[in-house]
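Residue-level structural notes
Chain by chain, the residues run as shown.
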Amino acid sequence: RKEVEQDPGPFNVPEGATVAFNCTYSNSASQSFFWYRQDCRKEPKLLMSVYSSGNEDGRFTAQLNRASQYISLLIRDSKLSDSATYLCVVLTDSWGKLQFGAGTQVVVTP
Amino acid sequence: ETGVTQTPRHLVMGMTNKKSLKCEQHLGHNAMYWYKQSAKKPLELMFVYSLEERVENNSVPSRFSPECPNSSHLFLHLHTLQPEDSALYLCASSQDGDGTGGSPLHFGNGTRLTVT
């Protein structure tokens, strides 16, 4: 079983709609969780950290479910510029043992 | 210049060549990383340096040799690579130097390597 699993998509989303997707992780000792965004042929960039209580940043909402071992990302009022691959990242151990998922592709269409 | 810069952006090399990738961070961070990203696969951690000392070598073949001369610069020396080593190589830095890993990674824009 992969340490971090994501639905590769693509999720095709009409502009203005809401899209949500999850990421599951296998190690219950995982400590920190992040969502990164990677545009086509660009480097990943931190989108947001995921806190136990859930957190919101504008149109983006991240949730953590420790019991079921998954995190989620919800994007409201999708913009064309939200088209990207969203990488789920889980910290299980020290020293850069950040485990990356392979990413979920989101395509927002006019 | 700010952030994390990598050179070259693209590199094509033969299996018998020797080349080096360069990374420089202007963020005052304490840790630097090399990652490999192959198509449709998760980023794979290769090496971690903290305060110029290597603290992680993730079972990377010896044909990849990192060097960290100071806290702002990181190199990846390549020799006798294989075609399957073709990938995007990303350098990153983070604030923490103590291994907690809680600080976000700042990535460079990568070197797209093709081994022929």
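First things first, this report covers the structure right here in the doc. Only a predicted model underlies this, so the values are computations on that prediction, with no experimental measurement involved. (Residues numbered from 1 in each chain as written. Chains lettered and ligands numbered in written order. Predicted model: local features only at pLDDT ≥ 70, side-chain atom pairs only at ≥ 80, totals over all residues. Heavy atoms only, no water.)

Section: the overall build of chain A
Counting its regular elements, chain A contains 0 helices and 11 strands. Rg of the C-alpha trace for chain A: 13 Å, near the compact-globule value of 13 Å for 110 residues, within the 12% margin. Each principal axis of the C-alpha atoms in chain A carries an extent, and together these give about 40 × 30 × 20 Å. A buried classification covers 45% of the 110 residues belonging to chain A. (Helix = DSSP H or I, 4+ residues; strand = E, 2+ residues; numbered from the N terminus. Rg over C-alpha atoms; globule rule 2.2 N^0.38 Å. Buried < 20%, exposed > 50% of the residue type's maximum accessible area, 1.4 Å probe, protein only.)

Section: the sheet that holds strand E6 (residues 55-57) of chain A
All names here are of chain A. With antiparallel pairing, 5 strands are arranged side by side in an open sheet as E1-E3-E8-E7-E6. The open sheet has two edge strands, strand E1 (4-6) and E6, and neither has a second partner. When strand polarity is set aside, the average angle formed by the axes of neighbouring strands in this sheet is 20°. Where E1 and strand E3 (residues 19-25) come together, 3 bridges link them in antiparallel fashion. Residue Gln6 lies in a different strand from E3, and its bridge partner there is Cys23. (Pairing = 2+ DSSP bridges. Axes fitted to C-alpha atoms, helices over the stretch in contact; angles between N-to-C directions.)

Some thoughts on the pattern of salt bridges
Residue and element names in this part refer to chain A. For the structure on display, the rule yields 5 salt bridges over all chains. Across the pair Asp39 and Arg37 runs a salt bridge whose closest N-O atoms are separated by 2.8 Å. Taking relative accessible area as the criterion, Asp39 reaches 29% and is therefore assigned partly exposed. Across the salt bridge formed by Arg76 and Glu56, the nearest N and O atoms sit 3.4 Å from each other. One end of the pair, Arg76, is in the loop between strand E8 (70-75) and strand E9 (84-91); the other, Glu56, is in strand E6, with 20 residues separating them in the sequence. Residue classification places Arg76 among the partly exposed residues on the basis of a relative accessible area of 29%. Using a relative accessible area of 57% as the deciding quantity, one classes Glu56 as exposed. (Salt bridge = Lys/Arg side-chain N within 4 Å of Asp/Glu carboxyl O.)

A short note on the environment of A:Asp77
All names here are of chain A. Along the chain, the position of Asp77 falls in the loop between E8 and E9. Using a relative accessible area of 36% as the deciding quantity, one classes Asp77 as partly exposed. Not counting residues up to four positions away in its chain, the partners in contact with Asp77 are Gly16, Ala17, Thr18, Arg59 and Asp82. Here the side chain of Asp77 touches Lys79 through a polar contact of 3.0 Å, side chain to side chain. (Contact = heavy atoms within 4.5 Å. Polar contact = N/O pair within 3.5 Å; in protein donor to acceptor, adjacent residues only side chain to side chain.)

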